[in-house]
Amino acid sequence: MKLSYRSDAPKFYGILALILLGLAVWHGIDGWVPQERWLEQYPEFPEAWYDMRPREFYAYNRWTGLLLGIGALICGAISLHSRLTLKKQGDVLDDWTAARRGRKE
C-alpha cells in the first residue's frame, strides 16, 4: 500500500504533536506531583509513582498524560514520515524532470 501525503501534512502533524505533548506534560505533572490545592480536595495521594488505581483523581491525570504522550509520539512519527516521504517524492520528480529535459535537448 502506497501512502501519499499532502504538502501541509508534516506541519499539521508536527503542530498537533507539540500540542499533545504540552497537554501530556501538564497532565503528568498534575498526576505525579501533588499540589496543595488538590491535596486539600483529594487527600489520598498514591505512595508509589506507578500506582494507577482507577476511580482516583491522580490516576485519571496519570492515565490521561500517558495516553496524550503516546498520541504525541504517534503524531510526531507521522510528521517525520510524511516529511521524509515528501522529500523522496520531490527528489524523484526532480530526477524525472531532469531526464525529460535531457531528452528534449
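To be clear, the structure that these remarks concern was listed above.
Residues numbered from 1 in each chain as written. Predicted model: local features only at pLDDT ≥ 70, side-chain atom pairs only at ≥ 80, totals over all residues. Heavy atoms only, no water.

**Focus: the overall build of the protein chain**
(1) Moving on: What the protein chain contains, in helices and strands, is 3 helices and 0 strands.
(2) Moving on: Expressed as a percentage of the 105 residues in the protein chain, the buried residues total 26%.
(3) Moving on: Long-range pairs, those at least 24 residues apart, make up 61% of the contacts in the protein chain with a sequence separation of at least 6.
(4) Moving on: Here the protein chain displays about 8400 Å² of accessible surface, and carbon together with sulfur accounts for 64% of that area. (Helix = DSSP H or I, 4+ residues; strand = E, 2+ residues; numbered from the N terminus. Buried < 20%, exposed > 50% of the residue type's maximum accessible area, 1.4 Å probe, protein only. Contact = heavy atoms within 4.5 Å. Areas by Shrake-Rupley, 256 points an atom, 1.4 Å probe, with all protein chains shown as cover.)

**Here we look at the nonpolar core**
(1) Moving on: Core analysis: the biggest nonpolar cluster contains 6 residues, these being Ala 17, Leu 20, Ala 24, Leu 68, Ala 72 and Cys 75.
(2) Moving on: Secondary-structure elements contributing two or more residues to this core are helix 1 (9-32) and helix 3 (57-104).
(3) Moving on: For Ala 24, the contacting residues outside a window of four places in its chain are Gly 65, Leu 68 and Gly 69. (Core = buried A, V, L, I, M, F, W, Y, C linked by side-chain atoms within 4.5 Å.)

**Digging into the side chain of Asn 61**
(1) Moving on: Among the structural elements, Asn 61 can be located in helix 3.
(2) Moving on: Looking at Asn 61, its side chain comes within polar contact range of the side chain of Asp 30, at 3.2 Å.
(3) Moving on: Sequence-distant contacts of Asn 61, defined by excluding residues within four places in its chain, comprise His 27, Gly 28, Asp 30 and Gly 31. (Polar contact = N/O pair within 3.5 Å; in protein donor to acceptor, adjacent residues only side chain to side chain.)

**Topic: the packing of aromatic side chains**
For any pair of aromatic rings, geometry is given as the distance between the ring centres together with the angle between the planes.
(1) Moving on: Under the defined criterion, the tally for this structure stands at 1 aromatic pair.
(2) Moving on: Ring centres of Phe 12 and Tyr 13 lie 5.1 Å apart, and the angle between their planes is 75°; on these two criteria the pair is classed as edge-to-face. (Phe/Tyr/Trp six-rings, centres within 6.5 Å; stacked < 30°, edge-to-face > 60°.)

**A few points about a nonpolar patch on the surface**
(1) Moving on: Nonpolar side chains collect at one region of the surface, where Leu 18, Leu 21, Val 25, Ile 29, Trp 32 and Val 33 lie side by side and expose about 540 Å² of accessible area between them.
(2) Moving on: Residue placement: Trp 32 occurs in helix 1. (Patch = residues over 30% accessible without salt bridge, like charges linked within 9 Å, V, L, I, M, F, W, Y side chains within 5 Å. Salt bridge = Lys/Arg side-chain N within 4 Å of Asp/Glu carboxyl O.)

**Comments concerning helix 1**
(1) Moving on: Between its first and last C-alpha, helix 1 extends 34 Å over 24 residues, near the 34 Å set by a 1.5 Å rise per residue.
(2) Moving on: Among all positions in helix 1, only Ala 9, Pro 10, Ala 17, Leu 20, Ala 24, His 27, Gly 28, Asp 30 and Gly 31 are buried. (Expected span 1.5 Å × (residues − 1).)

**Thoughts on the environment of Trp 26**
(1) Moving on: Here Trp 26 is to be found in helix 1.
(2) Moving on: The spatial distance from the C-alpha of Trp 26 to the C-alpha of Gly 65 is 7.4 Å, given a sequence separation of 39 residues.

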